[in-house]
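Listed below are the residues making up each chain.
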Amino acid sequence: MILVTGGCFQGKKDYACETFHIAREETVDGAGCPLEAIFGARLLYHFHEYIRRMLQADQELDLEKLQRENPDIVLVTNELGYGVVPIDRFDREYREKTGRVCCEVAKRASEVHRVVCGIGTVIKHA
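Model, not experiment: these values are computed from the prediction.

A. Summary view of the environment of Leu66. Among the secondary structure elements, Leu66 is positioned in helix H3 (residues 63-69). The buried category is assigned to Leu66, whose relative accessible area is 0%. Non-local contacts of Leu66, meaning those with residues more than four positions away in its chain, are made with Met1, Ile38, Phe39, Pro71, Ile73 and Leu75.

B. Representation of unusual backbone geometry within the structure. The backbone of His46 shows a phi angle near 60°, a positive value even though the residue is not glycine. Of note, His46 is situated in the loop between strand E3 (43-45) and helix H2 (47-56). Taking relative accessible area as the criterion, His46 reaches 32% and is therefore assigned partly exposed. Notably, Cys117 is not glycine yet its phi reads approximately 55°, a positive angle.

C. How the structure looks around the packing of H2 against helix H4 (residues 89-108). The interhelical angle for the contact between H2 and H4, taken along N-to-C directions, is 120°, at an axis separation of 10 Å. Our classification of the angle between H2 and H4 gives oblique. Like other packed secondary-structure pairs, H2 and H4 cross with a definite hand, here right-handed. Facing H2, whose interface residues are Phe47, His48, Glu49, Ile51, Arg52, Leu55 and Gln56, H4 presents Phe90, Asp91, Glu93, Tyr94, Lys97, Thr98, Val101, Cys102 and Val105. In terms of residue class, the contact of H2 with H4 is made up of eight nonpolar, three polar and five charged.

D. Spotlight on H4. Helix length check: H4 (20 residues) gives 29 Å between terminal C-alpha atoms against 28 Å at 1.5 Å per residue, within 8%. Every buried residue of H4 is listed here: Tyr94, Arg95, Thr98, Val101, Cys102 and Val105. Projected down its long axis, H4 shows its buried positions confined to an angular sector of 140°, all on one face. Exposed residues lying more than 90 degrees from the buried face of H4 are Arg89, Arg100 and Lys107. The elements touched by buried residues of H4 are strand E1 (2-6), H2, H3 and strand E4 (74-78). Regarding H4, its N-cap is Asp88, as a side-chain oxygen of that residue lies 3.2 Å from the backbone nitrogen of Phe90 further along.

E. Region of the structure containing the pattern of salt bridges. Following the criterion strictly, the structure yields 10 salt bridges and no others. Between Arg108 and Glu104 there is a salt bridge; the shortest N-O distance is 3.0 Å. Placement of both Arg108 and Glu104 in helix H4 is noted, with a separation of four residues, approximately one turn of the helix. Here the salt bridges do not stand alone but share partners, grouping Glu49, Arg52 and Asp91 into one network.

F. Representation of the nonpolar core in the model. Ile38, Leu44, Phe47, Tyr50 and Leu75 are the most contacted members of the largest nonpolar core, which has 23 residues in total. Mapped by element, the contributors of at least two residues to this core are H2, H3 and H4. Sorting elements by how many residues they give to this core places H2 first, with four residues. Membership of the second largest hydrophobic core comes to 12 residues, among which are Ala16, Tyr45, Val74 and Val115.

Criteria and cut-off values
Residues numbered from 1 in each chain as written. Predicted model: local features only at pLDDT ≥ 70, side-chain atom pairs only at ≥ 80, totals over all residues. Heavy atoms only, no water. Helix = DSSP H or I, 4+ residues; strand = E, 2+ residues; numbered from the N terminus. Buried < 20%, exposed > 50% of the residue type's maximum accessible area, 1.4 Å probe, protein only. Contact = heavy atoms within 4.5 Å. Axes fitted to C-alpha atoms, helices over the stretch in contact; angles between N-to-C directions. Parallel < 35°, antiparallel > 145°, perpendicular 65-115°, else oblique. Left-handed = near helix turned anticlockwise from the far one by under 90°. Nonpolar A, V, L, I, M, F, W, Y, C, P; charged D, E, K, R; others polar. Expected span 1.5 Å × (residues − 1). Arc of directions from axis to C-beta. Polar contact = N/O pair within 3.5 Å; in protein donor to acceptor, adjacent residues only side chain to side chain. Salt bridge = Lys/Arg side-chain N within 4 Å of Asp/Glu carboxyl O. Core = buried A, V, L, I, M, F, W, Y, C linked by side-chain atoms within 4.5 Å.

What follows is the structure, encoded as structure tokens:
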């Protein structure tokens with residue numbers, strides 16, 4: 001499992017596709033794909049939106065199952081922990097949940113990359 005993170009509109013998806021040699025057709029958008037798609041995709045972008053959808057569906061992501069069934073997946077997510085704390089309770093819970101899930105993914109990941117202005121920095125390489 002590989003995690004690519006960074007701010008909104010920083011070129012994370014392009015960076016991940018180029019770095020890990022993944023064709024656009026092999027990517028899945030977490031904002032609208034079937035929830036099961038994560039277990040077969042090479043790259044899932046908008047992972048933070050995927051987590052939002054899981055929360056809305058009152059479901060938990062099974063990271064052990066993901067690691068077992070799709071150990072080479074690349075997850076691309078926005079960093080949500082910076083900036084103004086949302087007033088809406090669900091948005092606060094979503095932001096916190098996303099941070100916690102991404103921390104757990106980072107622990108399990110073989111690599112973690114942070115992308116700023118299209119430039120990636122490896123912050124973990126096992």
